[in-house]
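Summary of structural features
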There are 2 protein chains.
Amino acid sequence: MTKVKISIIGAGSAVFSMSLVRDVCLTEGLKDSTICFMDINKERLDTVYSLAKRYAQETKAKISFSKTLERKEAFQDADFVINTALAGGHERSEIERKVGEKHGYVSGGMRLSYFHQLGLMLSIAQDMEDTCPDAWLILAANPVFDGCTLMTRQTKIKVIGLCHGHYGVYDIARVLGLDRNKITFQAPGLNHCIWLTDFRYEGKDAYPLIDEWIETKAEDYWKNWEGNWGDGQMSRAAVSLYKMFGLFPIGDTVQQNPTIAWWHYVDLETQKRWFNKYGGWPANWSNYLEGLKKHLERLDRIYRDSSMLVSKEFPPKLSGEQHIPIINALVNDQEGKFQVNIPNRGCALEGIPSDVVVEVPGVVSGRGVQAIHVGALPKHLAIHLLRTIVTRMELGLEAFLTGDKSILLNMVLSDHRTRSYEQAQALIEDLLALPFNEDLKKKFK
Amino acid sequence: MTKVKISIIGAGSAVFSMSLVRDVCLTEGLKDSTICFMDINKERLDTVYSLAKRYAQETKAKISFSKTLERKEAFQDADFVINTALAGGHERSEIERKVGEKHGYVSGGMRLSYFHQLGLMLSIAQDMEDTCPDAWLILAANPVFDGCTLMTRQTKIKVIGLCHGHYGVYDIARVLGLDRNKITFQAPGLNHCIWLTDFRYEGKDAYPLIDEWIETKAEDYWKNWEGNWGDGQMSRAAVSLYKMFGLFPIGDTVQQNPTIAWWHYVDLETQKRWFNKYGGWPANWSNYLEGLKKHLERLDRIYRDSSMLVSKEFPPKLSGEQHIPIINALVNDQEGKFQVNIPNRGCALEGIPSDVVVEVPGVVSGRGVQAIHVGALPKHLAIHLLRTIVTRMELGLEAFLTGDKSILLNMVLSDHRTRSYEQAQALIEDLLALPFNEDLKKKFK
């Protein structure tokens, strides 16, 4: 049993941090660990630190905790750094979404917060090179695809990007009426753009069950559908993408990725038709933020009322997130299979360049992370991903690295919903004029 | 001096064929050659055969001629096959353009004639594998980029694609007031999408002369411009692309490629603003066809009036086209430098996959065609070409090879001017319903 130090950057995101704390407390192999919380917001840092201590006490876990406002202090002797930070927070991103809507982009167009995120991610990885060069960096913040690709190209830090989009496959099982414990699957791709290459129920190919459902039940399902606004795994959009590319899209792929299927994101009516009667995720991002806010307020109440039990809010069972099990696998050689975002070295996903980060199943153990070779996606799909997702990321990274404003312009022109050169120019100028984008206004010439 | 047989497929395109005949007659090293004309249109075949014979007689050239309606006969013992054929002719393409306009695509959207062209090109190369596997195939018909890539991937035939777009650099010289004999240049890329990587006047970097012209003279030039409708090399569009990507676009790149800059092709007004007051090439394709038709009628008059001199219509000086000089270089080891479209083996143009055909300067001699390594395009431009041109070609070839109708749909959805899924579907159905597309209606399921 090794004592490990796990540092959480952006730990003030209390819901996520507490979910990690719970998983560490429940993991025998990590029971002597130290968790170091780092955030630039002192108040939220104090909240999460206090909640975590109380939680450990309540559950009699031996974990130690520390907190700091200084990133480098968090990196000192760190074995793992989990980056969950959102530069500028959700508020700025929301302001930028509204600027986008003003310029004709339903649910928002380009957001310059993207560049602040890349900047933060890269500086974290670079600081780690100075302070804890052997530590693992687990990226839990978006954009996972662009961020992991940037960091693995620009630094020598070992990076793993994580997302829970692949759990969307359990929504398929639910709708088809299958026992989720009896399915197996493989869903590789690029983060937020992954595809069901293999799907089995009790060991047998279960794709025919999807086909049968589409044939006989889909129309009724869509007609009588009564889910929540985020429910879109079995939407018309998903089935249409399946018919177009030959593989079923999983999770965020369906309704959070305007780049791969702009025609689902033309306006609110179109979104309602393709996703669900609420317009799906793209139209309800503010609902998500509202839910997050409520959860934070609840944690704040628990923080202020020491008579409340933290462990009642976070009952002691594993969260289902991969972060801590992966750390346990690496530290204690507990071999396991996980859905990871890592560079495509060795071309685990054929047809995608080797210096691009792919989302593939990987074996994690004391040896590290080893991608499982999943072969190639159907050629039509692979070309489409190169055209839409990979080159958009390449434009983004090149803009970030060079500060070339013409690349910004091209990125907005590449958004299929852009109607004219002038519209693209105007959006960029308005975004650059926001007070919190002053640094970017200087950067992009 | 070797006797060579040069077979021209689609030879009924009399203007082009006569230009080749003239060049052969003027090339000492090819004076014992045989030119075999092949076309499926007997009338036009007879015309060109007769004109060529009269031309050779008038100029006292010793070239022999033959004619045939059978492709395989043309390939028998051929050393060179020049493919200038347009499957279905300009008429069908024009009908498809109008269908596109009806569906909201100014100057036309997708044309299925593309697939007929690919089919014809590939079957020619495949027939050559049977009949004249060592002959060179010179592609003089569009699409050069897609066609050459398809043929070099699917057959072992040696292919060279030719285009005269790079001569656009002489328009730059003219507008800048430079002696065209004192400039040198390099303009690699993908066919119809090439970029001035090097430009010298009397040995010195001449890019500053372009910059100075833009700074001090461009606005006046555009204000007082009095060119013809095709004149766009120094248009606002060209300067804008230069500013965006860092290299000046050459020839067809500026105004015949909606894929690389859709925002220049939104509607006629937009085209007028970017290209010239006539809307440039995209708005005047019918003018081009009109000119072609007049030229053909003139040749027909000469054909019918044996008292007229063919050599008056085609005065005995080299046409400036590369086809015959390249054949001379290959046959007689007359080393020369040419602008050729060949597979990017050895990555002469870095950043473009090696199985894609690039347009680069090449040394042609008895050794064959050897690409000159031109290095990499600016990264922003390279990403943009991959995103727009290369992946569009890949979609096209995959659709052609598989008959997968969903790829057609994706191709139309990828046209930035498409506004909705239904619009794309409707365009495809209307194109497939055209009588001359019956075969494609069966092919695409």
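About the criteria used
- Residues numbered from 1 in each chain as written.
- Chains lettered and ligands numbered in written order.
- Predicted model: local features only at pLDDT ≥ 70, side-chain atom pairs only at ≥ 80, totals over all residues.
- Heavy atoms only, no water.
- Helix = DSSP H or I, 4+ residues; strand = E, 2+ residues; numbered from the N terminus.
- Rg over C-alpha atoms; globule rule 2.2 N^0.38 Å.
- Buried < 20%, exposed > 50% of the residue type's maximum accessible area, 1.4 Å probe, protein only.
- Contact = heavy atoms within 4.5 Å.
- Areas by Shrake-Rupley, 256 points an atom, 1.4 Å probe, with all protein chains shown as cover.
- Lys, Arg positive; Asp, Glu negative; His and termini not counted.
- Charge placed at Lys NZ, Arg CZ, Asp CG, Glu CD.
- Salt bridge = Lys/Arg side-chain N within 4 Å of Asp/Glu carboxyl O.
- Buried area = accessible area lost by both parts, 1.4 Å probe.
- Axes fitted to C-alpha atoms, helices over the stretch in contact; angles between N-to-C directions.
- Parallel < 35°, antiparallel > 145°, perpendicular 65-115°, else oblique.
- Nonpolar A, V, L, I, M, F, W, Y, C, P; charged D, E, K, R; others polar.
- Pairing = 2+ DSSP bridges.
- Right-handed = clockwise from strand over helix to strand, strands pointing away.
- Phe/Tyr/Trp six-rings, centres within 6.5 Å; stacked < 30°, edge-to-face > 60°.
- Expected span 1.5 Å × (residues − 1).
- pLDDT = per-residue confidence, 0-100.
- Core = buried A, V, L, I, M, F, W, Y, C linked by side-chain atoms within 4.5 Å.
- Polar contact = N/O pair within 3.5 Å; in protein donor to acceptor, adjacent residues only side chain to side chain.
- Least-squares fit on C-alpha atoms with pLDDT ≥ 70 in both.
- Left-handed = near helix turned anticlockwise from the far one by under 90°.

A few words now on the overall build of chain A. When helices and strands are tallied, chain A shows 20 helices and 17 strands. For chain A, the C-alpha radius of gyration of 22 Å lies close to 22 Å, the compact-globule estimate for 445 residues. Across its three principal directions, the C-alpha atoms of chain A cover 60 × 55 × 45 Å. Across the 445 residues of chain A, 58% fall into the buried class. Taking contacts inside chain A between residues at least 6 apart in sequence as the whole, the part at least 24 apart equals 69%. Of the roughly 18,300 Å² of accessible surface on chain A, a fraction of 49% belongs to carbon and sulfur atoms. Of note, chain A has its 53 positive side-chain charges centred 2 Å away from the centre of its 55 negative side-chain charges.

For the coordinates displayed, the defined rule picks out 48 salt bridges over all chains. A salt bridge links Asp198(A) to Arg200(A); the nearest nitrogen and oxygen atoms lie 2.7 Å apart. For Asp198(A), a relative accessible area of 25% gives the class partly exposed. A salt bridge links Arg97(B) to Glu94(B), with the shortest nitrogen-to-oxygen separation between them at 2.8 Å.

Another aspect to go through is the interface of chain B and chain A. Facing 34 residues of chain B, the contacting portion of chain A comprises 34 residues. Between chain B and chain A lies a buried interface of about 2,900 Å² when both sides are counted; carbon and sulfur atoms form 59% of it. The largest contributions to the chain B side of the interface with chain A come from His380(B), Arg387(B) and Arg419(B), which together make up 21% of the buried area. Across the contact surface, chain B and chain A share two salt bridges. With a closest N to O distance of 3.2 Å, Glu422(A) and Arg273(B) form a salt bridge.

What follows concerns the packing of helix H17 (residues 379–402) of chain A against helix H17 (residues 379–402) of chain B. Here H17(A) crosses H17(B) at 170 degrees, and the two axes come no closer than 10 Å. Comparing their axes, H17(B) and H17(A) come out roughly antiparallel. Along the contact surface, H17(A) presents Lys379(A), His380(A), Ile383(A), Leu386(A), Arg387(A), Thr391(A), Glu394(A), Leu395(A) and Glu398(A), while H17(B) presents Lys379(B), His380(B), Ile383(B), Leu386(B), Arg387(B), Thr391(B), Glu394(B), Leu395(B) and Glu398(B). Split by residue class, the contact of H17(A) with H17(B) holds six nonpolar, four polar and eight charged.

Strand-to-strand pairing in sheets goes through backbone hydrogen bonds, with the strands running parallel or antiparallel. Residue and element names in this part refer to chain A. An order of E7-E10-E11 is seen for the three strands of this open sheet, with the pairing classed as antiparallel. Both edges of this open sheet fall to strand E7 (183–186) and strand E11 (204–205), since each of them pairs with a single strand only. Relative to strand E10 (residues 198–201), E7 runs antiparallel, the two sharing four bridges. Each bridged residue has a counterpart across the sheet, and for Phe-185 the counterpart in E10 is Phe-199. Against the sheet, helix H7 (residues 168–176) contacts E7 and E10, and its axis sits at roughly 140 degrees relative to E7.

Attention now moves to the pairing of strand E2 (residues 34–38) of chain A. All names here are of chain A. Within E2, four of the five residues are buried, leaving the element largely enclosed by the surrounding structure. Bridge count for strand E1 (residues 5–9) against E2 is five bridges, and the pairing is parallel. Paired with Lys-5 across the strands is Thr-34, a residue of E2. Following the backbone out of E2, through helix H2 (residues 42–59) and into the adjacent parallel strand E3 (residues 64–68), one traces a crossover that is right-handed.

Further remarks concern the packing of aromatic side chains. Residues and elements named next belong to chain B. Considering all chains together, one arrives at 38 aromatic pairs over all chains under this definition. Arranged with centres 5.8 Å apart and planes meeting at 75 degrees, the rings of Trp-195 and Phe-245 form a pair that is edge-to-face. With a gap of 50 residues between them, Trp-195 in strand E9 (residues 193–196) and Phe-245 in helix H10 (residues 236–245) connect regions that are remote in the sequence. Overall, Trp-195 belongs to the buried group, its relative accessible area being 0%. For Phe-245, a relative accessible area of 4% puts it in the buried group.

As a further point, take helix H14 (residues 285–304) of chain A. Between the first and last C-alpha of H14(A) there are 29 Å, a value that for 20 residues agrees with the 28 Å anticipated at 1.5 Å per step. The elements touched by buried residues of H14(A) are helix H1 (14–25), H2, helix H4 (89–102) and helix H15 (310–313) of chain A.

Moving on, we get to the sheet that holds strand E11 (residues 204–205) of chain B. All names here are of chain B. Read across the open sheet, the three strands follow the order E7-E10-E11; overall the sheet is antiparallel. The open sheet has two free edges, formed respectively by strand E7 (183–186) and E11, since each of these has just one partner strand. Packed onto the sheet, helix H7 (residues 168–176) meets E7 and strand E10 (198–201) and runs at close to 140 degrees relative to E7.

With the exception of glycine, the majority of residues adopt a negative phi angle, and the majority of peptide bonds are in the trans configuration. Residues and elements named next belong to chain A. The step from Asn-142 to Pro-143 runs through a cis peptide bond, and the omega angle for that step is -5 degrees. Its location among the elements puts Pro-143 in the loop between strand E5 (136–139) and helix H6 (144–154). Even without glycine at this site, Asp-77 takes up a positive phi of about 60 degrees. By the element assignment, Asp-77 lies in the loop between helix H3 (71–75) and strand E4 (80–83).

Bringing the confidence of the model for chain A into the picture now. Atomic detail in the predicted coordinates should be set aside for any region of low pLDDT. Confidence along chain A averages 95 in pLDDT terms, with 100% of residues attaining 70 or more. What the predictor reports for the complex is a pTM of 0.96 with an ipTM of 0.95.

Once that is clear, we can look at the nonpolar core. Residues Phe115(A), Phe199(A), Phe115(B) and Phe199(B) are the most contacted members of the largest nonpolar core, which totals 264 residues. If sequence neighbours within four positions are ignored, Phe199(B) has contacts with Val169(B), Ile172(B), Leu176(B), Leu178(B), Ile183(B), Thr184(B), Phe185(B), Lys204(B), Asp205(B), Ala206(B), Tyr207(B) and Ile210(B).

Let's shift gears to the side chain of Asn341(B). Residue and element names in this part refer to chain B. Summarising the element assignment, Asn-341 is placed in strand E13 (residues 336–343). A polar contact of 3.0 Å, which involves the side chain of Asn-341, links it to the side chain of Glu-359. Contacts of Asn-341, omitting those with residues within four sequence positions, involve Val-144, Cys-148, Val-159, Ile-160, Gly-161, Leu-162, Asn-191, Val-357, Val-358 and Glu-359.

All right, on to the relation of the copies chain B and chain A then. Of the transformation superimposing chain B on chain A, the axial component is 0.0 Å and the angular component is 180 degrees, with the fit at an RMSD of 0.0 Å. The superposition operator between the copies reduces to a two-fold rotation axis. Looking at the rotation axis and the C-alpha trace of chain B, the residue lying nearest is Arg387(B), at 2.4 Å. In this assembly, 100% of the residues forming the interface of chain B have copies in chain A that are likewise at the interface, indicating an isologous arrangement.

This part is about the environment of Asp179(B). Residue and element names in this part refer to chain B. Here Asp-179 is to be found in the loop between H7 and E7. Separated by 22 residues in the primary sequence, Asp-179 and Tyr-201 place their C-alpha atoms 8.5 Å from one another. Looking at Asp-179, its side chain comes within polar contact range of the main-chain nitrogen of Asn-181, at 2.9 Å.

Right, let's talk about the packing of helix H18 (residues 405–414) of chain A against helix H19 (residues 421–432) of chain A for a bit. The description of two helices packed together rests on the angle between their axes and the distance between the axes. Residues and elements named next belong to chain A. Running from N to C, H18 and H19 point in directions that differ by 120 degrees, and their axes come no closer than 9 Å. One way to sum up the angle between H18 and H19 is to call them oblique. The hand of the H18/H19 crossing is right-handed. Within the contact between the two elements, H18 uses Lys-405, Leu-408, Leu-409, Val-412 and Leu-413 and H19 uses Tyr-421, Ala-424, Gln-425, Leu-427, Ile-428, Glu-429 and Leu-432.

Our next topic: H18(A). Most of H18(A) sits inside the fold, with nine of its 10 residues counted as buried. Residues of H18(A) that are buried make contact with helix H5 (113–131), H17 and H19 of chain A together with H10 and H17 of chain B.

This part is about the environment of Thr391(B). Residue and element names in this part refer to chain B. Considering the arrangement of structural elements, one finds Thr-391 in helix H17. Here the alpha-carbon distance between Thr-391 and Met-411, two residues 20 residues apart in the chain, equals 9.8 Å. Within the structure, Thr-391 has its side chain in polar contact with the backbone oxygen of Arg-387 (distance 2.6 Å).

Following the sequence through the fold, His90(B) ends up in helix H4 (residues 89–102). Discounting residues that sit within four places of it in the chain, His90(B) has contacts with Trp285(B), Leu289(B) and Leu292(B).

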